[in-house]
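Each chain is listed here by its residues.
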Amino acid sequence: MTDVSFVIPCYNEEGNVAAIFDAIHAVFDPEGISVETVFVNDGSKDGTKEALDRLYKSCSGKANIRVIHFSRNFGKEAAILAGLQHAEAARYCLIDADLQQRPEVALQMYRILDEDPEKDMAAAYQEKRHEGKVLSFFKKCFYGLINRMTNVPFREGASDFRMFRENVRSAILSMTEYYRFTKGIFAFIGFDTVFIPYEAEERHSGKTSWSFTKLFRYAVEGILGYTTKPLLFPFTLSVILFFAAVIYLVLRLVIGNALHVPADGSVAVITLILALASLLFAVLGIFGLYLSKTYMQGKDRPVYIVKEILEGNKNDADSEKGRQDI
Ligand code: UDP
Ligand code: MG
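Here's a quick rundown of the structure. Source: prediction; values computed, not measured.

1. What to know about the coordination of the magnesium ion (ligand 2)
- Only D98 (OD) and Q100 (OE1) from the protein reach the magnesium ion (ligand 2) as donors, at distances of 1.9 to 2.0 Å.
- For D98, a relative accessible area of 3% gives the class buried.

Shown next as structure tokens:
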């Protein structure tokens with residue numbers, strides 16, 4: 001059996017796919033560790049499809065490689081799921097295509113799992129981030145919020161750059177939800193994990209596909225997917241408002257009576273109407289969010305759709321032909 005299968009989600013990575021393939025083999029081949037690469041082309045709009053097809057062809061008989069082309073862009077989470085479903089090895093490694101996550105760190109993870117059979121997973125976390133202060137601040141808020149609101153521990157800075165054993169893979173695959181939030185899935189499934197620090201490199205080529213809005217939406221998905229506590233928020237608010245209204249009314253009557261001030265409630269009425277209206281909209285909005293999730297899950301749609309799979313390109317290096325090719 002192959003030692004490690006690398007699952008590589010690719011969205012507009014034409015300039016990176018061959019480079020990450022070479023980088024992985026350059027690190028693992030000399031160590032005598034057999035490798036499989038599973039590229040998932042997540043509906044790229046650039047030349048990623050052609051680059052992968054070329055790579056697949058050039059590997060014939062030389063390396064274990066699988067290529068999955070999606071019919072459109074389904075997102076990184078869907079690409080990871082598809083990759084893991086099609087991968088086959090003793091260990092699995094999730095790695096980005098852009099070489100920001102170095103295969104040398106993956107080798108470190110491999111050694112950790114090799115040395116300690118009790119450990120199920122080795123995960124990299126970013127100690128230093130090369131990003132703006134605003135984004136860093138929002139990420140901190142996100143981790144603070146999600147850790148307070150959910151019952152599963154989220155580790156700040158932990159990426160999905162990880163290597164794990166079959167038990168972890170089957171746990172991930174057993175989570176059949178439509179909205180896949182990888183950080184949440186890892187937090188939920190648990191397992192013995194060793195965290196190692198790493199520093200993300202500059203992108204080898206191309207640019208990131210995560211805009212601030214996309215990250216924000218991802219964070220909201222994460223929170224909605226793992227807790228129903230926001231549903232309690234309007235309820236708490238309504239209790240507070242109810243008591244506030246009672247106290248206001250009593251005080252206004254008592255004080256107004258004592259000071260002989262006639263009760264003119266117009267300001268209070270307008271404020272109350274506005275407060276109640278905004279409260280109602282908040283409740284409706286939150287119900288709507290959860291309802292849409294239930295609706296989508298109820299439809300039981302596939303998480304992704306495959307257009308084409310290239311596989312069976314097994315490493316036959318022992319055969320005469322394979323040896324000549326190499
Ligand atoms: N990716 C993907 N589908 C998407 C967006 C990204 O498969 O819709 C892949 C992308 O090709 C890369 C990884 O996910 O291999 C991380 O994306 P990116 O480098 O854009 O994110 P960043 O490193 O900036 O967080
Ligand atoms: Mg990247």
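Continuing now.
2. Structural notes on the site of ligand 1
- Taken together, 17 residues lie around ligand 1, and Y11, E13, D42, D98 and T208 are the ones closest in.
- Between an oxygen atom of ligand 1 and a main-chain N or O atom of P9, the distance comes to 2.8 Å.
- Here a nitrogen atom of ligand 1 and a side-chain polar atom of D42 are 2.6 Å apart.
- Across the complex, the protein chains shield 87% of the 530 Å² of accessible surface that ligand 1 would expose by itself.
- Grouping the constituent residues of the shell around ligand 1 by class yields five nonpolar, five polar and seven charged.

3. Some words on the environment of A90
- With respect to the helices and strands, the residue A90 is situated in the loop between α3 (76-86) and β4 (91-94).
- The sequence separation of A90 and T2 amounts to 88 residues, and the corresponding C-alpha distance is 6.4 Å.
- With sequence-adjacent residues up to four places away left out, A90 is seen in contact with M1, T2, D3, F164, R165 and E166.

4. Structural notes on the pattern of salt bridges
- By the definition in use, this model includes 14 salt bridges.
- Here D53 ties to K49 by a salt bridge, and the two come within 2.8 Å at their closest N and O atoms. Taken together, the residues D53 and K49, both in helix α2 (residues 48-58) and four residues apart, mark about one turn of the helix.
- A relative accessible area of 22% means that D53 is categorised as partly exposed.
- One network of salt bridges, with partners in common, ties together E36, R66, E88 and E311.

5. A closer look at the layout of surface pockets
- As a volume, the second largest pocket reaches approximately 230 Å³.
- Of all elements in the fold, only β6 (158-165), α7 (182-189) and β7 (193-198) reach the threshold of two or more residues within the lining of the second largest pocket.
- When residues of the lining of the second largest pocket are assigned to their parent elements, the largest contribution, three residues, is made by α7.
- Here the residues of the lining of the second largest pocket sort into nine nonpolar, two polar and three charged.

6. As for the side chain of K293
- Within the element layout of this structure, K293 appears in helix α10 (residues 266-299).
- Taking relative accessible area as the criterion, K293 reaches 16% and is therefore assigned buried.
- One polar contact links K293 to E221, side chain to side chain, over a distance of 2.4 Å.
- When neighbours within four sequence positions are excluded, K293 is seen to be in contact with Y179, E221 and L224.

7. Quick notes on α3
- Most of α3 sits out of view: nine of its 11 residues are buried.
- For α3, every residue scored as buried is listed here: E77, A78, A79, I80, L81, A82, G83, L84 and H86.

8. Considerations on helix α5 (residues 133-149)
- Taking 1.5 Å per residue, 17 residues should reach 24 Å; α5 reaches 24 Å between its end C-alpha atoms and fits that length.
- Next to the buried residues of α5 lie β6, α7 and α8 (212-226).

9. Quick notes on the pairing of β6
- Counted residue by residue, β6 has eight buried out of eight residues, so it is predominantly covered.
- The alternating pattern of β6 places A158, D160, R162 and F164 and S159, F161, M163 and R165 on opposite faces, both of which are buried.
- With four bridges connecting them, β4 and β6 associate as antiparallel partners. Bridge pairing links Y92 to F164 in β6.

10. Brief notes about the side chain of D160
- Within the secondary structure, D160 is located in strand β6.
- Owing to a relative accessible area of 13%, D160 belongs among the buried residues under this scheme.
- Here K76 takes part through its side chain, which lies 3.2 Å from a polar atom of the side chain of D160.
- When residues no more than four places from it in sequence are discounted, the contact partners of D160 are K76, I80, L94, T182 and F186.

11. Side note on empty space enclosed by the protein
- The tally for this structure, following the rule as stated, stands at one cavity of 30 Å³ or more.
- If you go around the largest cavity, the residues you meet are E77, I80, L81, I172, R180, T182, I185 and F186.
- Looking at the lining of the largest cavity, the elements that each hand over two or more residues are α3 and α7.
- Among the residues making up the lining of the largest cavity, the classes are represented as five nonpolar, one polar and two charged.

Rules and cut-offs
Residue numbers here run from 1 along each chain, matching the order of that chain's written sequence. Lettering of chains starts at A and numbering of ligands starts at 1, both following the order in which they are written. Only residues with pLDDT of at least 70 get local features here, since the model is predicted, and only at 80 or more are side-chain atom pairs given and counted; chain-wide, interface and lining totals rely on the full set of residues. For the side-chain quantities, the full set of heavy atoms in the structure was used; hydrogens and water were omitted. With water excluded from the atoms, a metal site may look incomplete; its donors are any N, O or S atoms within 2.8 Å, or within 3.2 Å for Na, K and Ca. Each residue gets one of three labels from its accessible area relative to the maximum for its type: buried under 20%, exposed over 50%, partly exposed in between, using a 1.4 Å probe on protein chains only. Working definition: residue near molecule or strand if any one of its non-hydrogen atoms lies within 4 Å of it. Think of a polar contact as two N or O atoms within 3.5 Å of one another; within protein, one of them needs to be a possible hydrogen donor and the other a possible acceptor, and neighboring residues in sequence only count if both atoms come from side chains. Per-residue and other accessible areas were derived by the Shrake-Rupley procedure at a 1.4 Å probe size, with only the shown protein chains allowed to occlude residues. The classification used treats Ala, Val, Leu, Ile, Met, Phe, Trp, Tyr, Cys and Pro as nonpolar, Asp, Glu, Lys and Arg as charged, and all other residues, Gly among them, as polar. Segments assigned H or I by DSSP are reported as helices when at least four residues long, segments assigned E as strands when at least two residues long, and all are numbered from the N terminus. We call two residues in contact whenever any of their non-hydrogen atoms come within 4.5 Å of each other. Salt bridge, as used here: a side-chain nitrogen of Lys or Arg that lies within 4 Å of a carboxyl oxygen of Asp or Glu. Method remark: on a 1 Å grid restricted to protein atoms, a set of points is classed as a cavity if a 1.4 Å probe fits but cannot get out and as a pocket if it is open with protein on both sides within 12 Å along at least five of seven lines; lining residues have an atom within 4 Å of a point. Grid points are joined across faces, edges and corners, and a volume is the space filled by probe spheres set on the points. A helix is expected to reach a length of 1.5 Å times the quantity of its residues less one. Pairing between strands requires that DSSP locate at least two bridges from one strand to the other.

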